[in-house]
Amino acid sequence: MTSQQAAGAASADAARHPLDPLNAEEIRQAVSILADDARVTSPMRFVSVGLREPGKDEVASFGPGQAVAREACIVALDPREHMTYEAVVSITARSVLSWRPVPGARAPITLAENAEFERLVRADPRFRAGLRRRGIHNPDQVVVEPWGIGTFTAAEDAGRRLVWTLTFYRASPGDNPYAKPIHGLHAVVDLDDMTVVRVEDLGVVPLPPGTGDYTTGGSTPRAGLKPIELRQPAGVSFQVDGWEVRWQNWRFRLGFNAREGLVLHTIGYADRGRPRSVIHRASVAELVIPYGDPRPFQAWRNAFDIGEYGIGIMTNSLERGCDCLGEIRYFDVQLADGRGEPYPIKNAICLHEEDNGILWKHTGAGLGHTETRRSRRLVVSFIITAGNYEYAFYWYFYQDATIELEIKLTGIVLTAALPPGETSDYGTVVAPQTLAAHHQHFFSVRLDMAVDGERNSVFEVETEPVPMGPDNPYGNAFRPRRTLLRSESRAQRLIDPLTGRRWLVVNPNIVNALGQPVGYQLVPAGNVVPFAHADSSFLRRAAFTTRHLWVTPFAPDERFPAGEYPNQHPGGAGLPEWTKGDRPIENTDIVLWYTLGSHHIPRPEDWPVMPVERAGFALRPFGFFDANPSLDVAPPNGHEPGGGI
Ligand SMILES: [Cu+2]
């Protein structure tokens, strides 16, 4: 390595922008500064150590090369006190800025606890006796999963930080455990004390006979595919500078944390060279999966994958040629383990370009002249494994200034054992004696909008027919109706595909060349409502799922739609609580919360591994520009603009 390369590597490791995620050294320093603080007296379990994101003013006023004040936000817990703590540490000033207990909060379940918890349950004599009643004599072959217990606790559990278990049997190490759900045996575990509080046995149902093998399909692989090669002989068209990405007028920054995984910051578009903001910050802020099987314990399955666990910690290391094709730029990220030690996730974020068919085309009158432009999109993605399931998150940036989020759901459906010959109204039999329960996946996408600046308003736009009469003598007329959503209570909305309902975020203070306010519209695609009852534990805790759209005025502490600590929370926190005040949301700094539901009545074809199911939505400019912003995209190679067919 030359000295120049060495200097480059060193500076790449140091934060160069206030929004850069913490690097390994910063995590180490933050934890050590906290450990030296006199107020921290007992050994802590670390839940997360991440960047304390700077305020908007600080980000706006930052110039390249300026000194960066770095702060970490640390969530830790003292298991002996059953207390969660939050610390803010200045890494730059080497001081603890705040250290506060959060009474009543139940910290999320950590990876370190997960590993210890499985050993603990496997060793419990009551659990082992239950396994023996099921003919299972080697507890090491049992996969024990910790599930958030929500409100399903007993009076004597008060103050405890609990999980309950689902268990699966794996006859040999490569087997699919979800083919062998162990029915009716559940432990309740105190994660703070690391004790098994109780073991409940509802009775034995035999293990299903299938193996759920998805690795070979039991036969020879299908033949007939000849290779496809994607080549970018001149390299990629994007530029990466630290955590900043630039591509085809787009400019944004990448971030990453233990809870939300990938975060996109300061998304902007250079309009004929003039930088214009679109979104200040975008992330998936919650993911909940309610299951619809009413039987004891099966009804408890309400996973809050982000609030109870964190999808950053579940992030895969991606593989070239499998997860991503083409010329890939990967980003490694750093998280903290239970002792606060940094550890990397290699290839956590994938950045690459994709051909996306045609961007626009027209063959002129007389068919003498065709103009075609191909669409290229920039893809930023990461993939998580949440127990049985995989979620792959793709943010797409297009040359016509559209942004899309697409989420691909795959992995293995969650199973329960059925007695031979039985079926259920509440799930699909996907293999003999194997029930995949009906369920839904709800994502809350938090979009801190900044359409041409911070002061934005939101309109609901839907189309209405005009009554027949003097204004509409032929009965053909229809028009969009724009309703300004003035306050939070009026901005709690559902999709309505039959009226073409969309939500338009405008900056009412800026108009385009046509005199229209500049805007971006949220274009929903498929979506669904929850089917849980309003009084159910799930709906009380995940009330945000009852509306597809929420709009709130920006507040830095309002980050998660089911509240800061959903684990064991009885409900009401987050969006339902904040919006009680019915704050005004007109011409101010606003946050859009889009609830995206994916409805899952499992199919036999989802077994033993599920072909990708997709969910998503788009944000498209509406009057943000004066005309099609992609007119300047060059024709495909070898084709001249204005050329004939
Ligand atoms: Cu599903």
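Residues numbered from 1 in each chain as written. Predicted model: local features only at pLDDT ≥ 70, side-chain atom pairs only at ≥ 80, totals over all residues. Heavy atoms only, no water.

Participant: Can you help me understand the coordination of the copper ion in this one?
Facilitator: Angles between donor atoms at a metal ideally measure 109.5 degrees for a four-coordinate tetrahedral arrangement and either 90 or 180 degrees for a six-coordinate octahedral one. Around the copper ion, the protein contributes the donor atoms Tyr389 (OH), His439 (NE2), His441 (NE2) and His600 (ND1), at 1.9 to 2.0 Å from the metal centre. Coordination at the copper ion is irregular, judged from the four donor atoms that bind it and the angles of 92 to 146° they form at the metal. Sequence spacing of the donor residues for the copper ion, all on one chain, is Y-x49-H-x1-H-x158-H. Here His600 lies in strand S29 (residues 590–600) and His439 lies in strand S23 (residues 439–449), a separation of 161 residues in the sequence. (Donors = N, O, S within 2.8 Å, 3.2 Å for Na, K, Ca; no water. Tetrahedral: all angles 85-135°; square planar, octahedral: opposite > 155°, others 65-115°. Helix = DSSP H or I, 4+ residues; strand = E, 2+ residues; numbered from the N terminus.)

Participant: Help me understand the sheet that holds strand S27 (residues 517–524) in this model?
Facilitator: Strand pairing in a sheet takes place through backbone hydrogen bonds and is either antiparallel or parallel in direction. The ten strands lie next to each other as S15-S16-S17-S18-S19-S30-S27-S26-S24-S25, forming an open sheet whose pairing is antiparallel. Looking at which strands have only one partner, the edges of the open sheet turn out to be strand S15 (329–336) and strand S25 (478–484). This sheet shows a mean twist of 25° between the axes of neighbouring strands, independent of strand direction. Relative to S27, strand S26 (residues 502–511) runs antiparallel, the two being bridged by six bridges. Residue pairing in the sheet places Val511 in a bridge with Pro517 of S27. Taken strand by strand, helix H2 (residues 24–35) contacts S15 and strand S16 (342–363), and its axis lies near 10° from that of S15. (Pairing = 2+ DSSP bridges. Axes fitted to C-alpha atoms, helices over the stretch in contact; angles between N-to-C directions. Contact = heavy atoms within 4.5 Å.)

Participant: Quick question: what am I supposed to make of the environment of Asp448 here?
Facilitator: If you trace the backbone, Asp448 turns up in strand S23. Residue classification places Asp448 among the buried residues on the basis of a relative accessible area of 1%. Not counting residues within four places of it along the chain, the set of residues in contact with Asp448 comprises Lys56, Ile279, His280, Arg281, Phe554, Asp589, Ile590 and Val591. Among the polar contacts listed, one links the side chain of Asp448 to the side chain of Lys56, at a separation of 2.9 Å. (Buried < 20%, exposed > 50% of the residue type's maximum accessible area, 1.4 Å probe, protein only. Polar contact = N/O pair within 3.5 Å; in protein donor to acceptor, adjacent residues only side chain to side chain.)

Participant: Sorry, what's going on with the state of the cysteines here?
Facilitator: Working definition of a disulfide: a covalent bond connecting the sulfur atoms of two cysteines. Under the criterion given, the structure shown has zero disulfides. The thiol of Cys322 is unpaired, and the distance to the nearest cysteine sulfur, on Cys324, comes to 9.1 Å. The exposure class assigned to Cys324 is buried, which follows from its relative accessible area of 2%. (Disulfide = S-S within 2.5 Å.)

Participant: How should the side chain of Glu464 be read in this particular structure?
Facilitator: The residue Glu464 is located in strand S24 (residues 457–465) in this model. Only 2.4 Å separates the side chain of Glu464 from the side chain of Arg481, close enough to count as a polar contact. Ignoring any residue separated from it by four or fewer positions in sequence, one finds Glu464 in contact with Phe478, Arg479 and Arg481.

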